[in-house]
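So you can see what is in the structure, the chains are spelled out below.
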Amino acid sequence: MSELAVMQDIPVTGLVLSGGGAKGAYQVGVLKALLELGADIDMVAGASMGALNGAVLACAPSLPEGIQRLEMLWNTLASQSPVEANTPAYLKLLAAAGLTLGTPLPGVFAQVPALAQGMRWVAPAVQVVDDWLESALLSDEPLKALMDEYLNTDGLMRGLPLYVSVFESRGGLTDLLRCTVAEAGLADTPPSHFVHVQSLPAHERRNALLASAAIPLLYQARQIGDARYSDGGQGGWQTAQGNTPITPLIEAGCKQVIVTHLTDGSLWSRHDFRDTTVLEIRPQAPITPDGSPLGAAKAALGFDSSNISRLMKQGYQDTMHCVGRVMKADQSRQALRQSEQALTDSLQRGNSADAALTDAMSRVQ
């Protein structure tokens, strides 16, 4: 934050980038609109794909360049999907479920809600499968390659403070079961942890980003310190505590926070943070065209050009609708305060000059 901003008492502004897989393309449109509206971003917090978007933004030397890099990244994702099967793990899961190779993966997930009803006896069995499965169903090598291309480690250490949410994992299938139980309203998941990426040892920074985006069962959990962590969006499921990581920004001193949502009808509420000015950007039309669970899964993994282009446009339009007028009004108030301060300073300088002149005249006489 600039010294001028501090002198004028302009609030420190944070940006929250929630998680949602391929729906993260929406945030590129959000950022393009915020840039057009003249927004200043002082800190970033992200969950899952929002953590990866936030890292690219944080390591750039300026907001315009960060947005340009993000647009390039998502154009790459549109032509080269990062979803790459880890075939041995997939076969292991099918074997564990007693299924045949021709059984589609959603068929496995479809059994989880029923299992949740008897979780007391199911949980130990699920843990056994987790221990045996070991590997995730998807390879994270494509994500690592993209990070090598678009993340500048030195730039990250000089850039905007970056916080990401991570969730302590008990195993992919176990984590998925816990989220399903929370979705059914039977019990909430434990809260996510928030990590300041620049404060981590160098060898753990990438792990924190990969962990935050490690969708349970699909991607491998990562080691940070003494524990293994996966997708940060899992924590506090029923209120989106982990998927909307505003808390670390408030604790770091942000008085104004811009929050983006990638879920239709997110239950997260800004009213839980009454001492902070929260500007929310929510989808004004369904961000997932098919509202079914399978449709949501397809949207999260739908790294195709038409879907990504649609989401970028929607993010831009929703931002203009949700916060455009508010931000323009705030900028007008700030400009008025600056004018008033400039006038006050001018009058003070004039009074000082008059006093100096009067003093000089008195000595001459």
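Remember, it's a predicted structure, so these values are computed and weren't measured experimentally.

1. Considering the packing of aromatic side chains
Thought 1: For the structure on display, the rule yields 2 aromatic pairs.
Thought 2: Ring geometry for Trp74 and Phe303: centres 6.0 Å apart, planes at 15 degrees, overall stacked. Of this pair, Trp74 sits in helix 4 (residues 63-79) while Phe303 sits in the loop between helix 14 (293-300) and helix 15 (305-364), and the two are 229 residues apart along the sequence. Across the pair, exposure class does not vary: Trp74 and Phe303 are buried alike.

2. A look at the UniProt feature "short sequence motif: GXGXXG" (unreviewed entry) in the protein
Thought 1: This chain's UniProt record puts "short sequence motif: GXGXXG" (unreviewed entry) on residues 19-24.
Thought 2: Overall, residues 19-24 shows 0% helix and 0% strand. The separation of its end C-alpha atoms is 7 Å.

3. Things to note about unusual backbone geometry
Leaving glycine aside, a negative phi is the common case for residues, and trans is the common case for peptide bonds.
Thought 1: In the Ramachandran plot, Leu217 falls in the positive-phi region, its phi being about 80 degrees despite a non-glycine side chain.
Thought 2: By the element assignment, Leu217 lies in the loop between helix 12 (202-212) and strand 5 (222-224).

4. Some words on the environment of Glu84
Thought 1: Residue position: Glu84 is located in the loop between helix 4 and helix 5 (87-96).
Thought 2: For the pair Glu84 and Leu138, spaced 54 residues apart in sequence, the C-alpha to C-alpha distance is 5.5 Å.
Thought 3: Residues within four places of Glu84 in sequence aside, it is in contact with Leu137, Leu138, Ser139 and Pro142.

5. Details of the pairing of strand 1 (residues 13-17)
Thought 1: Burial within strand 1 is extensive, with 5 of its 5 residues counted as buried.
Thought 2: Because side chains alternate across strand 1, one face comprises the buried residues Thr13, Leu15 and Leu17, and the other comprises Gly14 and Val16, equally buried.
Thought 3: Direction of pairing for strand 1 relative to strand 7 (residues 256-260): parallel, over a ladder of 5 bridges. When the bridges of strand 7 are listed, Gly14 appears paired with Val257.
Thought 4: Following the backbone out of strand 1, through helix 2 (residues 26-36) and into the adjacent parallel strand 2 (residues 43-47), one traces a crossover that is right-handed.

6. What about the side chain of Asn307?
Thought 1: Residue position: Asn307 is located in helix 15.
Thought 2: Looking at Asn307, the relative accessible area reads 12%, which means it is buried.
Thought 3: Of the polar contacts made by the side chain of Asn307, one reaches the side chain of Arg310; its length is 2.8 Å.
Thought 4: Residues within four places of Asn307 in sequence aside, it is in contact with Ala22, Ala299 and Gly302.

7. Focus: helix 11 (residues 172-183)
Thought 1: Between the first and last C-alpha of helix 11 there are 17 Å, a value that for 12 residues agrees with the 16 Å anticipated at 1.5 Å per step.
Thought 2: Across the 12 residues of helix 11, 11 count as buried, placing the element largely inside the fold.
Thought 3: Turning to helix 11, its buried residues number three or more, namely Gly172, Leu173, Thr174, Asp175, Leu176, Leu177, Arg178, Cys179, Thr180, Val181 and Ala182.
Thought 4: Directly after helix 11, the chain includes Gly185, whose backbone phi takes a positive value near 80 degrees.

8. Comments concerning the packing of helix 2 against helix 4
Thought 1: Contact pair helix 2 / helix 4: the axes reach a minimum separation of 10 Å and the direction vectors enclose 155 degrees. Judged by the inter-axis angle, helix 2 sits roughly antiparallel to helix 4. In this structure, helix 2 meets helix 4 at a crossing whose hand is left-handed. In this structure, helix 2 uses Val28, Leu31, Lys32 and Leu35 to contact helix 4, whose residues at the interface are Leu63, Pro64, Ile67, Leu70, Glu71 and Trp74.
Thought 2: Residue composition of the contact of helix 2 with helix 4, grouped by class: 8 nonpolar, no polar and 2 charged.

9. Points about the pairing of strand 7
Thought 1: The buried count for strand 7 comes to 5 of 5 residues, which makes it a mostly enclosed element.
Thought 2: On strand 7, burial covers both faces: Gln256, Ile258 and Thr260 on one face and Val257 and Val259 on the other are all buried.
Thought 3: When strand 7 meets strand 8 (residues 277-281), the two strands line up parallel, connected through 5 bridges. Bridge pairing in strand 8 places Thr260 opposite Ile281.

10. Side note on the nonpolar core
Thought 1: Counting 66 residues, the largest nonpolar core has Leu34, Trp74, Leu162, Val164 and Leu209 as the members making the most contacts within it.
Thought 2: Here Leu162 is in contact with Val44, Gly54, Ala55, Ala58, Leu156, Val195, His196, Val197, Gln198 and Leu209, once residues within four sequence places are set aside.
Thought 3: Counting residues in hydrophobic clusters, the runner-up holds 13 residues, among them Ala240, Ile246, Cys254 and Val259.

11. Describing the confidence of the model for the protein
Thought 1: In this model, the protein carries an average pLDDT of 80, and 70% of its residues clear a pLDDT of 70 or more.
Thought 2: The model gives residues 1-8 a pLDDT under 50, and that stretch makes 6 contacts with residues more than four places away or in other chains.
Thought 3: Residue range residues 87-113 is modelled with pLDDT below 50. Its contacts to residues more than four positions away, or to other chains, number 36 contacts.

12. Side note on the pattern of salt bridges
Thought 1: Summed over the entire model, instances satisfying the criterion amount to 9 salt bridges.
Thought 2: Note that Arg222 and Asp140 form a salt bridge whose closest N and O atoms lie 2.3 Å from each other. With Arg222 in strand 5 and Asp140 in the loop between helix 8 (119-133) and helix 9 (141-150), this pair connects stretches of sequence that are 82 residues apart. Each member of the pair, Arg222 as well as Asp140, carries the same accessibility label: buried.
Thought 3: Taking the shortest distance from any N to any O, the salt bridge between Asp175 and Arg178 comes out at 3.7 Å. Separated by 3 residues within a single helix, Asp175 and Arg178 lie in helix 11, roughly one turn from each other.
Thought 4: In the salt-bridge network here, residues are joined through shared partners; they are Asp140, Glu141, Lys144 and Arg222.

Rules of the game
Residues numbered from 1 in each chain as written. Predicted model: local features only at pLDDT ≥ 70, side-chain atom pairs only at ≥ 80, totals over all residues. Heavy atoms only, no water. Phe/Tyr/Trp six-rings, centres within 6.5 Å; stacked < 30°, edge-to-face > 60°. Helix = DSSP H or I, 4+ residues; strand = E, 2+ residues; numbered from the N terminus. Buried < 20%, exposed > 50% of the residue type's maximum accessible area, 1.4 Å probe, protein only. UniProt positions renumbered as here; feature names shortened; annotations may be inferred. Contact = heavy atoms within 4.5 Å. Pairing = 2+ DSSP bridges. Right-handed = clockwise from strand over helix to strand, strands pointing away. Polar contact = N/O pair within 3.5 Å; in protein donor to acceptor, adjacent residues only side chain to side chain. Expected span 1.5 Å × (residues − 1). Axes fitted to C-alpha atoms, helices over the stretch in contact; angles between N-to-C directions. Parallel < 35°, antiparallel > 145°, perpendicular 65-115°, else oblique. Left-handed = near helix turned anticlockwise from the far one by under 90°. Nonpolar A, V, L, I, M, F, W, Y, C, P; charged D, E, K, R; others polar. Core = buried A, V, L, I, M, F, W, Y, C linked by side-chain atoms within 4.5 Å. pLDDT = per-residue confidence, 0-100. Salt bridge = Lys/Arg side-chain N within 4 Å of Asp/Glu carboxyl O.

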